[in-house]
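Examination of the molecular architecture
Spelled out from the first residue to the last, the chains are:
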Amino acid sequence: KNAIDSRVAKIKENPRENTISIEVLLKNVPHKELVDFIARQAKYNPDITTKLFLEFIQKASGKKEDNYAKVLRNSLKDIDFDYEDLDNQEDSLEIDVLDEWINKALEFIKQKRFDDAIVICKACIEEYAEWMEGIDGDILEYIDPVYQEKPFELLTKIASNPAVNSKELFQYCITEMDKTKYT
């Protein structure tokens with residue numbers, strides 16, 4: 001027992017000394033193996049897929065707006081609600097993928113990467129509204145309204161920056177809100 005206690009105390013004192021860091025591990029994995037592993041994990045784990053896209057999609061070829069919209073559209077398709085849980089639902093339903101996208105837009109705003117934040121907000125506005133048209137009306141009343149409001153709030157925040165064309169951004173918001181899918 002004393003030997004075990006001594007070992008536990010030593011590990012608590014120097015936890016890094018007794019484990020390999022993720023950075024060291026990843027540096028020693030051949031690139032192709034690492035890419036193959038990540039692709040396999042992402043195939044079966046939508047959370048990893050979302051994180052990868054949000055982190056690296058700007059490096060993909062193609063029009064940035066289209067890329068973000070496609071990724072968000074596919075993520076929203078994967079959302080499934082358990083109707084049995086709705087009867088016991090006291091709070092609004094949260095949609096994790098939208099939370100992540102909104103948080104990424106906030107991160108871009110802090111980094112003053114306004115163009116990226118605008119593209120994410122527009123994708124959230126347009127794809128979420130489109131997705132909602134196909135949702136069962138019973139579920140709609142449970143979904144947190146923040147997903148309709150927050151992207152517009154972020155665009156308002158972005159528009160206050162002098163480096164951004166606020167008139168163009170305002171016109172986009174007016175045009176979007178006039179569309180029938182928002183009624």
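Right above here is the structure, for reference.
Remember, predicted model here, so these are calculated numbers, not experimental data.

**A short note on helix 10 (residues 146-159)**
- For helix 10, with 14 residues, the first-to-last C-alpha span of 19 Å sits near the 20 Å given by 1.5 Å per residue.
- When we look at burial in helix 10, the residues that qualify are Y147, P151, F152, L154, L155 and I158. Buried positions in helix 10, seen along its axis, are confined to an arc of 155° and lie on one side of it.
- Contacts from the buried residues of helix 10 go to helix 7 (96-110), helix 8 (114-133) and helix 11 (166-177).

**Notes on the environment of L93**
- Position of L93 relative to the elements: it lies in the loop between helix 6 (83-86) and helix 7.
- For the pair L93 and Y142, spaced 49 residues apart in sequence, the C-alpha separation works out to 5.6 Å.

**What to know about the pattern of salt bridges**
- Within this structure, the stated rule accounts for eight salt bridges.
- Of the charged contacts in the structure, one is a salt bridge between E127 and R73, with a shortest N-O distance of 2.9 Å. Remark: R73 occurs in helix 5 (residues 64-77) and E127 occurs in helix 8; sequence separation between them is 54 residues.
- Between E107 and K104 there is a salt bridge, with its nearest N and O atoms 3.2 Å apart. Pair noted here: E107 and K104 are both in helix 7, with a separation of three residues, about one helical turn.
- Assessed through its relative accessible area of 35%, E107 is described here as partly exposed.

**Describing the nonpolar core**
- Of all hydrophobic cores here, the largest spans 39 residues; its most connected members are I95, L98, W101, L155 and I158.
- Looking at this core, the elements with two or more residues in it are helix 5, helix 7, helix 8, helix 10 and helix 11.
- The greatest single-element share of this core, amounting to 12 residues, is contributed by helix 8.
- What I95 contacts, discounting residues up to four positions off in sequence, is L76, I79, Y128, W131, I143 and Y147.

Reading the values: rules and limits
Residues numbered from 1 in each chain as written. Predicted model: local features only at pLDDT ≥ 70, side-chain atom pairs only at ≥ 80, totals over all residues. Heavy atoms only, no water. Helix = DSSP H or I, 4+ residues; strand = E, 2+ residues; numbered from the N terminus. Expected span 1.5 Å × (residues − 1). Buried < 20%, exposed > 50% of the residue type's maximum accessible area, 1.4 Å probe, protein only. Arc of directions from axis to C-beta. Contact = heavy atoms within 4.5 Å. Salt bridge = Lys/Arg side-chain N within 4 Å of Asp/Glu carboxyl O. Core = buried A, V, L, I, M, F, W, Y, C linked by side-chain atoms within 4.5 Å.

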